[in-house]
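# Structure at a glance
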Amino acid sequence: MPRIESSSIKKISSLIPYIILIIIVILFIINQIYIAHYIYNIYSSKPWRNAYVSDEIYYVSTARNFLVKIFSLRSIRVYNNYFYFTIFFKDAPEEDVIVNLIKKYDIDLLDTTYSRSYVVTIVAVMDNTNKTFYKYYGGANAIYIRSCYIENIDKFISDLELMNYSVIDVIPGWAYPDKAGINNYFNLEHPPLGKYLIALSILVLGDNPIAWRIPSLVATIIIFVLSYFICVEVLRDMIGYRLSKWVSLLSPIILYFDSSLRTVGVLAMLDPYVALFTIIGVYFFVKNSSRSNDLVKKFSWVLAGLSKFSGLFIVPADVIDKAVFGSYSLKDRFKVLLRELFIYVILFTILLIVFSLPLITYIGFNEWLRQSIIDAFKWHTKTKHALTSGPPTTSPIDWLFGWNAFPLWYDPQTGRHVKCVGLPPIYLASFILNLLFAPIILKLEKPRRIWLSFYSIWFMYMVLYIIGNRSLYSFYIIQFSPLLVIQFIVCISILFKTVTETRNNKQLISSGLS
């Protein structure tokens, strides 16, 4: 009986860290949902078109354009049995014309306050042929309406066209933001995967702010949980599996207070997906080496790159770990380097083309290549706007100190903008400690891989900054903030272990002398 009771107690005690983890995760989920709901309440009281927060105006609009223009959806559910449409005009009709027609067809007019725009047509000679470009200025020539009957919308449009008002687009779903040309925007400077995930959420859950943001919420929850298990995996060979489960609880506890997960992590932006696929890849990176783990890691990091090109910034970590720290001759190291780079290039190229096929079919391969690859490369390697205008820009060094943090939304309760600062004291301490402990960390396989993962991402951003892109933003930190937290815990564990071993050695020496 005593043995059975002892065994039961051990089993129960081994579950306690997981029980604590579940409690922390539940608190985190509640907090994320509360923040998302709070943001929704702030912006739902404004005109429909103002419900977008920060760069959601680009990514959500692109996702909707994918559904309507590329996948030919005629109707998108918003909330209920109504049909909602944003109607874009070449020249918007007078309001009294709109009012008379909506009364005729029992249509609700939800927004006529778009700021209007004008279009300049530019004809340029390229490759010995005339190319036509359209430059949009001002806001959108649009109105936002709804009706219980889609037939009434069709009749409304027909009457407008009979009155010689040129209707450019009739797009279902939530109201578009007041941006000129937004109905034709595909965000081609970034790969399409992140927008597909937002579009999928709209398709399944409806076109409304809550649905836009659910994939990001799910992504941050997975990041939060995986960070714990990555920390356990890294520490288990250093301090033992049982103790690592307890010490690793510091990871979710610290991340709970990291503002990157609580700001950009609750918005329909691309960075939560970059962070998600990055951290999934890191989990398999630190697991015991196997072909299956290596394949999943590569695939995951390529998916990060298919969300934003910066998702590939972690790839050098894998290449360096194999080519530099692997047991190869000098000649073989070079072969390994080329092999790994080749695998990533081929895998990324194939998947990029596969995921871009709908876009390629819609705009043509040459146009896709020009905008998504050539122009995107130019766009990413230069400053996007004058540094004296636009949102505050940062360097990778600023991220460690929390300087010039990006304001994501305005909180009327506090009278301040909510900024993506992260957790600067932890970031800076982790950065410094990891440089100091590098000689120890680089000798240990799993801690080394976490070390390489962070510094690979951070260094690549630094390279991007040096070669000319000075318009980096603080919300990029969500990609590596969990890695910095894990590294901080690893360094503290190394320090504690070193101090403990030194003390034990002194006691052994003292007892031996006595």
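Our subject is the structure that appears above.
Calculation notes
- Residues numbered from 1 in each chain as written.
- Predicted model: local features only at pLDDT ≥ 70, side-chain atom pairs only at ≥ 80, totals over all residues.
- Heavy atoms only, no water.
- Helix = DSSP H or I, 4+ residues; strand = E, 2+ residues; numbered from the N terminus.
- Buried < 20%, exposed > 50% of the residue type's maximum accessible area, 1.4 Å probe, protein only.
- Contact = heavy atoms within 4.5 Å.
- Areas by Shrake-Rupley, 256 points an atom, 1.4 Å probe, with all protein chains shown as cover.
- Lys, Arg positive; Asp, Glu negative; His and termini not counted.
- Charge placed at Lys NZ, Arg CZ, Asp CG, Glu CD.
- 1 Å grid on protein atoms, 1.4 Å probe; cavity = no way out; pocket = protein on both sides within 12 Å on 5 of 7 lines; lining within 4 Å.
- Points joined across faces, edges and corners; volume = space filled by probe spheres on them.
- Nonpolar A, V, L, I, M, F, W, Y, C, P; charged D, E, K, R; others polar.
- Pairing = 2+ DSSP bridges.
- Axes fitted to C-alpha atoms, helices over the stretch in contact; angles between N-to-C directions.
- Polar contact = N/O pair within 3.5 Å; in protein donor to acceptor, adjacent residues only side chain to side chain.
- Salt bridge = Lys/Arg side-chain N within 4 Å of Asp/Glu carboxyl O.
- Core = buried A, V, L, I, M, F, W, Y, C linked by side-chain atoms within 4.5 Å.
- Phe/Tyr/Trp six-rings, centres within 6.5 Å; stacked < 30°, edge-to-face > 60°.
- Lys NZ or Arg CZ within 6 Å of the ring centre and 35° of its normal.
- Patch = residues over 30% accessible without salt bridge, like charges linked within 9 Å, V, L, I, M, F, W, Y side chains within 5 Å.
- Expected span 1.5 Å × (residues − 1).
- Arc of directions from axis to C-beta.
- Parallel < 35°, antiparallel > 145°, perpendicular 65-115°, else oblique.
- Left-handed = near helix turned anticlockwise from the far one by under 90°.

This brings us to the overall build of the protein chain. Helices and strands together make up the secondary structure of the protein chain, namely 19 helices and 8 strands. The burial tally for the protein chain puts 50% of its 514 residues in the buried class. Counted over contacts in the protein chain with a minimum sequence separation of 6, partners at least 24 positions apart contribute 78%. With an accessible surface of roughly 24400 Å², the protein chain has 64% of that area assigned to carbon and sulfur atoms. Of note, the protein chain has its 48 positive side-chain charges centred 12 Å away from the centre of its 34 negative side-chain charges.

Time to look at the layout of surface pockets. Here the second largest pocket is characterised by a volume of approximately 280 Å³. Mapped onto the lining of the second largest pocket, the elements with two or more residues apiece are helix H10 (271-286), helix H11 (291-307), helix H12 (315-323) and helix H18 (445-466). Class assignment for the residues of the lining of the second largest pocket results in 4 nonpolar, 5 polar and 11 charged.

Bringing the sheet that holds strand S2 (residues 108-111) into the picture now. Taken together, the 4 strands give an open sheet; going across it, the order is S2-S5-S1-S6, and neighbouring strands pair in antiparallel fashion. Taken across any chain shown, the strands that pair with only one partner, and hence form the sheet edges, are S2 and strand S6 (167-172). The sheet shows a mean angle of 30° between the axes of neighbouring strands, taken without regard to direction. By the bridge criterion, 5 bridges tie strand S1 (residues 83-89) to S6 in an arrangement that is antiparallel. The residue of S6 that forms the bridge with Ile87 is Val170.

It is worth spelling out the side chain of Ser61 at this point. The topology assignment puts Ser61 in helix H2 (residues 56-70). In terms of polar contacts, Ser61 uses its side chain to reach the backbone carbonyl oxygen of Ile57, at 2.6 Å.

For the rest of this paragraph, the subject is the pattern of salt bridges. All told, the structure shown has 25 salt bridges when counted by the stated rule. Between Lys297 and Asp294 there is a salt bridge, and its shortest N-O distance comes to 2.5 Å. In this pair, Lys297 and Asp294 both sit in helix H11, 3 residues apart, roughly one turn of the helix. A salt bridge links Glu367 to Arg370; its shortest N-O distance comes to 2.4 Å.

Summarising the element assignment, Ser300 is placed in helix H11. We classify Ser300 as buried; its relative accessible area is 4%. A polar side-chain atom of Ser300 sits 2.5 Å from the main-chain carbonyl oxygen of Phe277. For Ser300, the contacting residues outside a window of four places in its chain are Phe277, Ile280 and Gly281.

A word on the nonpolar core. With 129 residues, the main nonpolar core has Ile230, Leu408, Trp409 and Phe475 as its most contacted residues. Top contributing element to this core by residue count: helix H6 (residues 209-239), with 13 residues. Leave out the neighbours within four places in its chain, and Phe475 touches Asp55, Val264, Met269, Asp271, Phe406, Leu408 and Cys420. Ile87, Ile107, Ile143 and Ile153 belong to the second-largest nonpolar core, a separate cluster that totals 18 residues.

The residue Leu255 is located in helix H8 (residues 250-256) in this model. The exposure class assigned to Leu255 is buried, which follows from its relative accessible area of 0%. Apart from the residues within four sequence positions on either side, Leu255 is in contact with Phe224, Ser227, Leu261, Ser481, Pro482 and Val485.

Tallied over the full model, the rule gives 43 aromatic pairs. Ring geometry for Phe454 versus Tyr455: centroids 4.8 Å apart, planes at 70°, classification edge-to-face. Accessibility classification places Phe454 together with Tyr455 in one group, the buried group. Of note, Arg146 hangs over the ring of Tyr82, and the distance from its end group to the ring centre comes to 4.3 Å. Directly above the aromatic system of Tyr465 lies the positively charged group of Arg470, at a separation of 4.7 Å from the ring centroid.

A cluster of nonpolar residues, Leu200, Leu203, Val204, Leu205, Ile210, Ile214, Val218 and Ile222, forms a patch on the protein surface that exposes about 630 Å² of accessible area. For the nonpolar patch, the elements supplying multiple residues, two or more each, are helix H5 (193-205) and H6. Checked against the element boundaries, Ile222 lands in helix H6. Residue classification places Ile222 among the partly exposed residues on the basis of a relative accessible area of 34%.

As a further point, take H2. Between the first and last C-alpha of H2 there are 20 Å, a value that for 15 residues agrees with the 21 Å anticipated at 1.5 Å per step. Of all 15 residues in H2, 14 are buried, a share of seventy percent or more. Phi for Ser72, located one or two positions after H2, is positive at around 60°.

Let's shift gears to the pairing of strand S7 (residues 406-411). For S7 and strand S8 (residues 416-420), the ladder comprises 5 bridges, and the chain directions are antiparallel. The residue bridging Pro407 from the neighbouring strand is Lys419, located in S8. A loop of 4 residues connects S7 with S8, the two strands running antiparallel in sequence, and Gly415 in this loop sits at a positive phi of about 75°.

Time to look at helix H16 (residues 424-436). Between its terminal C-alpha atoms H16 stretches 18 Å, which fits the 18 Å expected from 13 residues at 1.5 Å a residue. Among all positions of H16, only Pro424, Ile426, Tyr427, Ser430, Phe431 and Asn434 are buried. Along the axis of H16, the buried positions cluster into a sector of 165°, meaning they face one direction only. Seen from the buried face of H16, the exposed residues on the opposite side, beyond 90 degrees, are Pro425 and Leu436.

Taken N-terminus to C-terminus, the directions of H2 and helix H13 (residues 330-363) make an angle of 55°; their axes are 11 Å apart at the nearest point. Here H2 lies oblique to H13, going by the angle between them. Along this stretch, H2 crosses H13, giving a crossing that reads as left-handed. Contact residues: H2 offers Phe66, Lys69 and Ile70, while H13 offers Pro358, Leu359 and Tyr362. In terms of residue class, the contact of H2 with H13 is made up of 5 nonpolar, no polar and 1 charged.

Keep in mind that these numbers describe shape and distance, not what the molecule does.
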